[in-house]
Amino acid sequence: MSTIMEWAKKTVLFLGAILPSNYEIVLQDTIAGKIISIINGHVSGRCLNAPLTDYALKVISDERWKTTDYELNYWGKTTEGNILRSSTFFLKERDKLVGMIC
C-alpha cells in the first residue's frame, strides 16, 4: 500500500476519534475499487470491502479530480433514502487518483 494511503488510514482513525458518531468517515481505494477503512458505517450501512459508491465512479469517469483537490457540501443518499451532506478529499499519487476520504 502506498504511503499516501497509509497516511489516509491514520487520518480516518483520527477523524473518527474527534467527530461525533453521526459522522461517517470512509477511505475508498480507487485502485482496488473498495472501501478499505470506515468509521461509523451505521450512518450509511456500508462496511469494509464494500464497492465504490456511484459518486466515486462518476468522479473517476469524468476526471473532475484532476482540476480540484476536494469537493465540499454535496448531497448524497443512503440505500434507505436518507439524505447526507457529504464532502470528499481526493488522494492523488503520480497523476493518478488512488483514493478518496469521504
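Note that residues are indexed from 1 along each chain, following the sequence as it is written. The model is predicted, so local features are restricted to residues of pLDDT at least 70 and side-chain atom pairs to those at 80 or more, both for listing and for counting; the totals for chains, interfaces and linings are taken over all residues. To obtain the side-chain values, all non-hydrogen atoms of the structure were used and water was disregarded.

J.: What is the right way to read the pairing of strand E2 (residues 34-39) from this model?
T.: Where burial is concerned, most of E2 is hidden: 5 out of the 6 residues are buried. Two strands qualify as a pair provided DSSP detects at least 2 bridges between them. Helix and strand labels come from DSSP, where a helix needs a run of H or I of at least four residues and a strand needs a run of E of at least two; each type is numbered from the N terminus. Pairing of strand E1 (residues 25-29) with E2 involves 5 bridges; the strand directions are antiparallel. Pairing of Leu-27 across the sheet is with Ser-37, part of E2. Counting the residues that bridge the hairpin from E1 to E2 gives 4 residues, and of these Gly-33 lies at a positive phi of roughly 75°. We call a residue buried when its accessible area falls under 20% of the maximum for its residue type, exposed when it is over 50%, and partly exposed in between, using a 1.4 Å probe and counting protein chains only.

J.: Where do I start with unusual backbone geometry in this structure?
T.: For residues other than glycine, phi is negative in most cases, and the peptide bonds are mostly trans. Despite not being glycine, Asn-40 has its phi angle at roughly 60°, a positive value. Mapped onto the secondary structure, Asn-40 falls in the loop between E2 and helix H2 (54-62). Backbone geometry at Arg-94 places phi at a positive 50°, although glycine is not the residue there. As for its position among the elements, Arg-94 is in the loop between strand E4 (83-93) and strand E5 (96-101). For Arg-94, a relative accessible area of 73% gives the class exposed.

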